[in-house]
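# Breakdown of the fold
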Amino acid sequence: MTFIIARTDEEDPARTEFEDRLAELAAGRVEADVLIVPHIYHVAHNDPLWQNLCSIDGPMVVATWLYPRGAEWVLRSHGIGSAGVQTLNMADFGSPEECLDACEIGPGSGSVRDLSDRIEPRWYPVIDYSRCANCGQCRQFCLFDVYGEDEAGAIRAVAPDNCKDGCPACARVCPHGAIMFPLYLRDPAVAGAPGVIAEPDEAAKRLFEERTKTKHVGPNAALDDLIDDLEQLMEGN
Ligand code: SF4
Ligand code: SF4
């Protein structure tokens, strides 16, 4: 068992104190190392930290200040699978003790390693592949070539750092609620909060259609086409 604590990206003494206390408590409860790492969303795609984390055997708990869905797909985009990985949002707990009690960990004792150097903030989309239908509309919509395809033809954020700071536009365009911006807390659905999914509204669809000069295709494309055909028929009568 490895217990990973991802630091806050804010100057927030209360959060830092929470992380340090959690690390201390966890070291008394897990057999393997407790690792303190930088805020996982900001760690660059080519940072050796990802290789280190991928090489860890056995189950892992990852405590972050992100909604678990956002944290899960940041980790999965770096090859850290969901099986055996428990993600926790430290913001959900009133104290480090409560947070540790929510972990599926057994007794033991370990040590704390702090690998959390300061890193540059980043801003990019995180795709939830359990929802993505590979429709390609995010790629059509983005003006900055953030999206591309991998060798198998799957849509990927191939140039994430081209994304414009603070812009969550494509999350509003994705018809399947697959795109998250985990730090966009102004809209919990966009940030990946439990129980809510970002859905395109009329304004987002209009923006898509103006920008791409193509029709926005929703999750019920066949039904939409049928309704359009019916409307045209009725207008013709
Ligand atoms: S718009 Fe959404 S569903 Fe379509 S490819 Fe992009 S992420 Fe996947
Ligand atoms: S938020 Fe804007 S710039 Fe960033 S990937 Fe989406 S469409 Fe492109």
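For the structure, see preceding data.
Analysis parameters
- Residues numbered from 1 in each chain as written.
- Chains lettered and ligands numbered in written order.
- Predicted model: local features only at pLDDT ≥ 70, side-chain atom pairs only at ≥ 80, totals over all residues.
- Heavy atoms only, no water.
- 1 Å grid on protein atoms, 1.4 Å probe; cavity = no way out; pocket = protein on both sides within 12 Å on 5 of 7 lines; lining within 4 Å.
- Points joined across faces, edges and corners; volume = space filled by probe spheres on them.
- Nonpolar A, V, L, I, M, F, W, Y, C, P; charged D, E, K, R; others polar.
- Pairing = 2+ DSSP bridges.
- Helix = DSSP H or I, 4+ residues; strand = E, 2+ residues; numbered from the N terminus.
- Axes fitted to C-alpha atoms, helices over the stretch in contact; angles between N-to-C directions.
- Contact = heavy atoms within 4.5 Å.
- Near = heavy atom within 4 Å.
- Sits in = over half its atoms within 2 Å of the grid points.
- Expected span 1.5 Å × (residues − 1).
- Buried < 20%, exposed > 50% of the residue type's maximum accessible area, 1.4 Å probe, protein only.
- Polar contact = N/O pair within 3.5 Å; in protein donor to acceptor, adjacent residues only side chain to side chain.
- Salt bridge = Lys/Arg side-chain N within 4 Å of Asp/Glu carboxyl O.

## Focus on empty space enclosed by the protein
Throughout the structure, instances matching the rule amount to 1 cavity of 30 Å³ or more. Each pocket or cavity is described by its volume, and for the largest cavity that value is around 100 Å³. For the largest cavity, the lining is made up of 14 residues, of which Cys 132, Cys 135, Cys 138, Cys 174 and Ile 179 are closest to its centre. Broken down by class, the residue content of the lining of the largest cavity amounts to 10 nonpolar, 4 polar and no charged.

## Some points on the sheet that holds strand E4 (residues 85-89)
Here we have 5 strands laid out as an open sheet, ordered E4-E3-E1-E2-E5, and parallel in their pairing. Two strands in the sheet have a free side with no partner beyond their single neighbour: E4 and strand E5 (112-114). On average, each strand axis in the sheet is inclined to that of its neighbour by 20°, with strand direction left out of account. As paired strands, strand E2 (residues 34-37) and E5 are joined by 3 bridges and run parallel to one another. Bridging from a neighbouring strand, Ile 36 pairs with Asp 114 of E5. Running over the sheet, helix H1 (residues 13-27) touches strand E1 (2-6), E2, strand E3 (60-64) and E5 and is turned about 175° from E1. Sitting on the sheet, helix H3 (residues 68-76) touches E3 and E4, and the angle it makes with E4 is about 135°.

## Details of the site of ligand 1
Taken together, Cys 132, Ala 133, Asn 134, Cys 135, Gly 136, Cys 138, Ile 155, Cys 174, Pro 175, His 176 and Ile 179 are the residues near ligand 1. Judged by the proximity of its atoms to the pocket grid, ligand 1 belongs to the largest cavity. When the residues that make up the shell around ligand 1 are grouped by side-chain class, the tally is 8 nonpolar, 3 polar and no charged.

## Examining H1
Spanning 15 residues, H1 covers 21 Å between terminal C-alpha atoms, matching the ideal 21 Å at 1.5 Å per step. Those residues of H1 not exposed but buried are Phe 18, Glu 19, Leu 22, Ala 23, Leu 25, Ala 26 and Ala 27. Structurally, H1 contributes buried residues whose contacts are with E1, E2, E3, helix H4 (96-101) and E5. Between a side-chain oxygen at the N-terminus of H1 and the backbone nitrogen of Ala 14 the separation is 3.1 Å; the capping residue is Asp 12.

## Things to note about the pattern of salt bridges
Using the criterion set out here, one finds 13 salt bridges in the structure. Measuring nitrogen to oxygen at the nearest pair gives 2.9 Å for the salt bridge that ties Glu 72 to Arg 76. Linking Glu 72 with Arg 76, this pair stays in helix H3, spanning 4 residues, or about one helical turn. Classification of Arg 76 as partly exposed rests on a relative accessible area of 33%. Put simply, Arg 172 and Asp 187 hold a salt bridge, and the shortest N to O gap is 3.0 Å. Taken together, the residues span a long stretch of sequence, with Arg 172 in helix H6 (residues 169-173) and Asp 187 in the loop between strand E9 (179-180) and helix H7 (188-191) at a distance of 15 residues. Among the ionic contacts, a cluster of salt bridges with common partners joins Arg 7, Glu 19, Asp 20 and Asp 114.

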